[in-house]
Amino acid sequence: MHLDSKVPSGPIESAWEKAKFEMKLVNPANKRKFNVIVVGSGLAGGSAAASLGELGYNVKCFCFQDSPRRAHSIAAQGGINAAKNYQNDGDSVYRLFYDTVKGGDFRAREHNVYRLAQISVNIIDQCVAQGVPFAREYGGLLANRSFGGAQVSRTFYARGQTGQQLLLGAYQALEAQVDAGRVTMIPRTEMLDLVVINGRARGIITRNLVTGKLETHVADAVILATGGYGNVFYLSTNAKGSNCTAIWRAYKRGAAFANPCFTQIHPTCIPVSGDYQSKLTLMSESLRNDGRIWVPQQPGDKRNPAQIPEGERDYYLERRYPSFGNLVPRDVASRAAKAACDEGRGVGETGLGVYLDFADSIKRLGRDTVEERYGNLFEMYERITGEDPYKTPMRIYPAIHYTMGGLWVDYQLMSTIPGLFVVGEANFSDHGANRLGASALMQGLSDGYFVIPYTLGNYLASTKLEKVSADAPEFRAVTADVEDRVRRLLSIKGNRTVSSFHRELGKVIWDYCGMSRNADGLRTAIDKVRTLREEFWTNVNVPGSGEDLNQQLENAGRVADFMELGELMCLDALDRNESCGGHFREEFQTEDGEALRDDVHYQYAAAWEFTGPDSPPVLNKEQLEFEYVHPAQRSYK
Amino acid sequence: MNLKLHVWRQANAASAGRMEAYDAPDVNADMSFLEMLDVVNEGLIAQGKEPIAFEHDCREGICGSCGFMVNGIAHGPQRGTTICQLHMRHFKDGDELYLEPWRARAFPVIKDLVVDRGAFDRIIKAGGYISARTGSAPDGNAIPIPKEDSDLAMDAAACIGCGACVAACPNASAALFTGAKISHLGLLPQGQAERSRRALRMVAQYNDELFGSCTNIGECEAVCPKEIKMENIARMNRDYLKAALESRKAS
């Protein structure tokens with residue numbers, strides 16, 4: 001496999017302008033002759049479908065939910081970054097670029113990140129024009145707030161519902177195109193496979209989730225905007241339906257999968273309360289500004305927190321990182337919490353939790369100030385746990401919430417299968433080994449509104465595509481594969497439910513390929529995942545039939561794919577003999593326990609190539625060049 | 001705690017439905033309502049029965065997928081809370097709970113507690129947007145918007161499109177949903193160009209979908225998990241009336 005990043009030559013500042021000028025254009029009258037499929041309707045997919053519809057392409061957009069407005073982008077709370085420098089505090093495109101490359105621990109492609117920073121300013125304008133009610137100052141201008149990993153105030157927000165408001169903006173733009181007849185929206189439909197003809201992506205096979213009917217859709221290009229794969233961990237902050245099936249099917253049809261082991265663990269989530277737990281809820285990181293994190297000094301100390309005297313508490317972040325204290329970055333805070341719990345000092349019934357205590361802040365600032373700053377978060381916490389954080393410390397624990405890895409794409413956002421484009425969290429492109437807060441929304445909208453409309457046109461204008469019909473043998477063969485798989489899942493009728501397999505898989509991946517990893521553990525995990533997968537295909541019980549709404553069947557197909565992806569994640573983590581960003585290998589750390597990167601041997605994106613069900617995947621490397629931001633070690637001591 | 005559930009079971013839109021009783025034993029007070037149903041479903045699967053179908057996705061109260069009636073109240077007894085965020089500590093041992101799907105002609109049942117809310121998408125499609133071609137926008141700070149206006153628009157924009165307002169209304173009216181979107185966009189300067197057309201088209205679509213009319217009962221506001229206010233219905237009525245009169249004058 002040849003990985004050509006197609007990065008433009010010349011200075012990075014003008015690279016995107018140059019690339020746009022060099023792109024071939026599709027004549028306005030010809031655009032309606034091209035059929036484009038967009039899978040997913042979140043920030044990336046919704047904005048792509050709307051923009052392509054506006055341009056005049058024939059667009060079909062798919063989502064598995066009942067409406068495109070429900071995509072998981074909706075749950076993003078904090079905000080969206082943009083290098084507007086409205087605060088006059090020294091921000092610039094270059095600074096946003098610099099912060100993102102550094103925050104990603106030097107494992108992202110510089111040119112993609114630079115373009116993202118450039119486009120960030122257009123995104124805000126676009127969203128304001130659509131009526132997104134961003135927070136404003138009394139003078140009527142847009143407000144900003146600060147976020148982790150940056151020294152400037154560049155985050156735009158709409159209360160704690162920024163993702164919701166941006167998504168509704170994209171959704172409304174999409175519905176306007178449905179109204180105009182340019183986009184056909186197909187909800188409650190899941191993509192189950194990709195059809196490749198003569199080496200090019202030419203369509204997909206879907207299942208109508210209400211009738212169970214398999215359908216074929218022919219196109220001139222396919223865009224995947226299906227989000228991340230955090231649900232491989234079972235418990236995550238992702239929506240229950242978020243899945244890897246579309247990108248995994250594409251991988252098995254020839255698209256390289258890059259950096260699958262780069263996953264982000266968020267330090268402040270509400271801990272698991274029991275075996276029935278179905279998902280985890282994130283609490284904004286801003287809580288760490290005034291809360292102090294601690295555990296008891298003695299392992300197994302089960303006293304009520306109020307009864308543990310000051311001298312018997314360990315404020316471990318303040319102890320280990322005196323200069324950053326409770327404000328160390330996400331990956332560092334997460335690992336430290338895990339270490340405390342591994343020592344038996346975790347709190348709560350399960351022992352998997354640490355205290356986030358506001359008692360000192362309430363004493364210092366008064367209850368009113370704390371309430372003004374965090375009232376809504378305290379309320380959310382109380383709703384879920386039934387405990388009052390004004391009186392007793394919150395319990396928090398890290399949880400998976402974003403995946404930096406995804407399908408490999410070039411500068412044009414095209415995968416290794418010509419005609420298959422990948423946008424948003426589903427691709428691997430912009431965040432390297434660690435994503436900064438408020439950058440996910442920015443990337444989804446950048447890809448969808450501002451990049452794909454150009455690069456897709458360039459592909460269509462410069463490619464000779466033969467006519468293809470849904471009766472082509474390739475479509476029939478893939479449909480038969482899909483039918484066979486659905487039939488197999490339904491015919492096993494074993495003794496274990498789909499969720500029981502999913503929970504077990506999640507635990508293996510979390511234990512061995514979560515916050516910290518080591519070679520022995522990863523090998524163990526690979527064995528365990530293989531064994532579990534074999535059991536799944538002989539002992540899973542999927543009730544009901546394939547001819548109607550069957551949520552168990554939907555989930556079974558997704559879990560089957562997670563079981564394969566989980567193995568690839570472990571393999572990738574095993575191969576990467578260094579620690580960087582969210583990937584922490586215990587063997588590779590500094591004397592004081594910090595991540596130790598190896599730029600000599602691992603300054604590459606690992607793009608895995610599927611070679612068949614019984615042969616190991618092949619590793620292809622895209623060497624990363626850092627011409628502008630020079631790699632250095634991060635320190636928070 | 002142990003609960004008794006009575007759940008509406010319906011195989012598909014064409015078949016008749018019925019209430020069926022199930023036991024929910026050993027419910028933990030820290031479970032969410034949907035986690036309690038997950039456990040009941042695992043039990044049903046083990047007994048070789050079909051699990052109860054219900055809609056859900058984010059389980060954080062923001063995607064708007066979930067929702068059904070609990071003892072006649074949309075999203076259950078806790079105010080300002082979606083069913084996914086309702087926790088079992090609000091119930092007590094021995095409670096009997098009746099779970100039914102949203103009931104409205106415009107929301108046909110697909111299966112069990114799952115209904116088709118496609119009518120909401122069609123109302124948005126009929127004008128619930130501001131046309132702003134990608135790439136054509138002026139600078140975000142070109143038009144200052146008073147904070148009060150922006151905050152009011154945000155209050156209306158917080159709607160999650162779950163359908164509780166329709167389910168709670170004796171008329172099965174979608175006035176709160178439609179009014180919230182008309183308000184959100186109409187309160188902002190960017191939304192003025194299409195304001196009249198938007199009100200006329202969205203209200204026409206709303207009528208075509210066979211939602212009932214609003215008679216100011218207020219059940220919608222009472223059950224709304226985002227506590228969207230009825231004043232949005234008043235704004236819709238004003239925009240609609242003004243647009244309807246102006247369009248008469250023009251013709």
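Residues numbered from 1 in each chain as written. Chains lettered and ligands numbered in written order. Predicted model: local features only at pLDDT ≥ 70, side-chain atom pairs only at ≥ 80, totals over all residues.

Novice: Help me get a handle on the overall build of chain B, residues and values and all.
Specialist: Scanning chain B from N- to C-terminus turns up eight helices and seven strands. Viewed in the frame of its principal axes, chain B has a C-alpha envelope of about 65 × 40 × 35 Å. Classification of the 251 residues of chain B by burial places 53% in the buried group. In chain B, once contacts between residues fewer than 6 apart in sequence are set aside, the share between residues at least 24 apart is 72%. (Helix = DSSP H or I, 4+ residues; strand = E, 2+ residues; numbered from the N terminus. Buried ≥ 20, exposed ≤ 12 C-beta atoms within 10 Å, placed from the backbone. Contact = placed C-beta atoms within 7 Å.)

Novice: Tell me about the overall build of chain A, and please be specific about residues and values.
Specialist: The number of helices and strands found in chain A is 17 helices and 21 strands. Counting every position in chain A, which comprises 637 residues, the buried fraction comes to 57%. Considering only residue pairs separated by 6 or more positions, chain A has 73% of its internal contacts joining residues 24 or more positions apart.

Novice: So what's going on with helix 6 (residues 162-179) of chain A? Residues and values would help.
Specialist: All names here are of chain A. With 18 residues, helix 6 ought to run about 26 Å at 1.5 Å a step, and its terminal C-alpha atoms sit 26 Å apart, in line with that. A large share of helix 6 lies buried, amounting to 17 of its 18 residues. After helix 6 finishes, the residue G181 shows a positive phi value of roughly 80°. (Expected span 1.5 Å × (residues − 1).)

Novice: Outline the sheet that holds strand 1 (residues 35-39) of chain A, supporting the account with residue identities and numerical values.
Specialist: Residue and element names in this part refer to chain A. Pairing in this open sheet of five strands is parallel, and the strands run 5-2-1-9-17 from one edge to the other. Two strands bound the open sheet, and with one partner strand each, they are strand 5 (183-186) and strand 17 (420-422). Sheet twist, expressed as the mean angle between neighbouring strand axes with direction ignored, is 20°. With four bridges connecting them, strand 1 and strand 9 (residues 221-224) associate as parallel partners. What sits directly across from I37, in strand 9, is V222. (Pairing = 2+ DSSP bridges. Axes fitted to C-alpha atoms, helices over the stretch in contact; angles between N-to-C directions.)

Novice: Kindly report on the sheet that holds strand 21 (residues 618-623) of chain A, identifying the contributing residues and their values.
Specialist: Residue and element names in this part refer to chain A. The strand order across the open sheet formed by four strands is 16-10-20-21, and the pairing between neighbours is antiparallel. The sheet is open, and its two borders are formed by strand 16 (406-407) and strand 21, each paired with just one other strand. Relative to strand 16, strand 10 (residues 257-258) runs antiparallel, the two sharing two bridges. Bridging from a neighbouring strand, A258 pairs with G406 of strand 16. Contacting strand 10, strand 20 (604-609) and strand 21, helix 16 (residues 551-575) crosses the sheet at an angle of about 140° to strand 20.

Novice: So, the nonpolar core: which residues are in play, and what are the values?
Specialist: All names here are of chain A. Counting 285 residues, the largest nonpolar core has V36, I223, L224, L407, L420 and C570 as the members making the most contacts within it. Looking at this core element by element, the count peaks at 13 residues for helix 16. Apart from the residues lying within four places of it in its own chain, the contact partners of C570 are Y512, C513, L522, A525, I526 and V529. (Core = buried A, V, L, I, M, F, W, Y, C linked by C-beta atoms within 7 Å.)

Novice: Before we move on, could you go through the interface of chain B and chain A and cite the residues and values that matter?
Specialist: Contacts between the two partners involve 63 residues from chain B, matched on the other side by 63 residues from chain A. Taken together, the elements giving at least two residues each to the side of chain B that touches chain A come down to helix 1 (33-46), strand 6 (109-111), helix 2 (118-125), helix 3 (147-157) and helix 5 (175-186) of chain B. For the side of chain B that touches chain A, the element with the highest residue contribution is helix 1 of chain B, accounting for six residues. Looking at side-chain class alone, the side of chain B that touches chain A contains 28 nonpolar, 18 polar and 17 charged residues. (Nonpolar A, V, L, I, M, F, W, Y, C, P; charged D, E, K, R; others polar.)

Novice: Explain the domain arrangement of chain A to me, using residue names and the numbers behind them.
Specialist: Residues and elements named next belong to chain A. The assigned domain composition of chain A is domain 1 (268-398) and domain 2 (473-595). The straight-line distance from the C-alpha centre of domain 1 to that of domain 2 is 31 Å. Each partner contributes residues to the interface: domain 1 has five residues there, and domain 2 has five residues. Here the side of domain 1 that touches domain 2 takes four residues from helix 9 (residues 330-342), the largest share from any one element. (Domains from an automatic or database assignment.)

Novice: So what's going on with the pairing of strand 12 (residues 292-296) of chain A? Residues and values would help.
Specialist: Residue and element names in this part refer to chain A. Taking burial as the measure, the five residues of strand 12 include four buried ones, the bulk of the element. Sheet topology places strand 12 next to strand 13 (residues 313-314); two bridges connect them, and they run antiparallel. Pairing of P296 across the sheet is with R313, part of strand 13.

Novice: Describe unusual backbone geometry, and please don't skip the residues or the numbers.
Specialist: The backbone of D105 of chain A shows a phi angle near 55°, a positive value even though the residue is not glycine. Mapped onto the fold, D105 of chain A is located in the loop between helix 4 (93-103) and helix 5 (110-130). Given 25 C-beta atoms within 10 Å, D105 of chain A falls into the buried group. One non-glycine residue, L210 of chain B, lies in positive phi territory at about 70°. Take L210 of chain B: it is sitting in the loop between helix 6 (195-208) and helix 7 (219-223).

Novice: Describe in detail the packing of helix 14 (residues 498-513) of chain A against helix 16 of chain A, supporting the description with residues and values.
Specialist: Residues and elements named next belong to chain A. As a packed pair, helix 14 and helix 16 sit with axes 10 Å apart at the nearest point and diverge in direction by 15°. Relative to helix 16, the element helix 14 is oriented roughly parallel. Seen from above, helix 14 lies across helix 16 with left-handed handedness. Listed contacts from helix 16 to V498, F501, H502, L505, I509, Y512 and C513 of helix 14 are Q552, N555, A556, V559, F562, M563, G566, M569, C570 and A573. Looking at the contact of helix 14 with helix 16, its residues break down into 13 nonpolar, four polar and no charged. (Parallel < 35°, antiparallel > 145°, perpendicular 65-115°, else oblique. Left-handed = near helix turned anticlockwise from the far one by under 90°.)

Novice: Pulling in residues and values, what's your account of helix 5 of chain A?
Specialist: Residues and elements named next belong to chain A. With 21 residues, helix 5 extends 30 Å from end C-alpha to end C-alpha; this agrees with the ideal 30 Å at 1.5 Å per step. I119 marks where helix 5 bends most, by close to 35°. Of all 21 residues in helix 5, 19 are buried, a share of seventy percent or more. At the C-terminal side of helix 5, G131 shows a positive phi close to 95°. (Bend = angle between axes of the 7 residues up to and from the residue.)

Novice: Quick rundown of the domain arrangement of chain B? Include the residues and the values.
Specialist: All names here are of chain B. Structurally, chain B comprises domain 1 (3-110) and domain 2 (118-250). Counting residues at the interface gives 18 residues for domain 1 and 16 residues for domain 2. The residue makeup of the side of domain 1 that touches domain 2, split by class, is nine nonpolar, seven polar and two charged.

Novice: Got a sec to walk through the confidence of the model for chain B? Specific residues and values, please.
Specialist: For chain B, mean pLDDT is 97; residues scoring 70 or higher make up 99% of the total. Among the scores for the predicted complex, ipTM is 0.98 and pTM is 0.97. (pLDDT = per-residue confidence, 0-100.)

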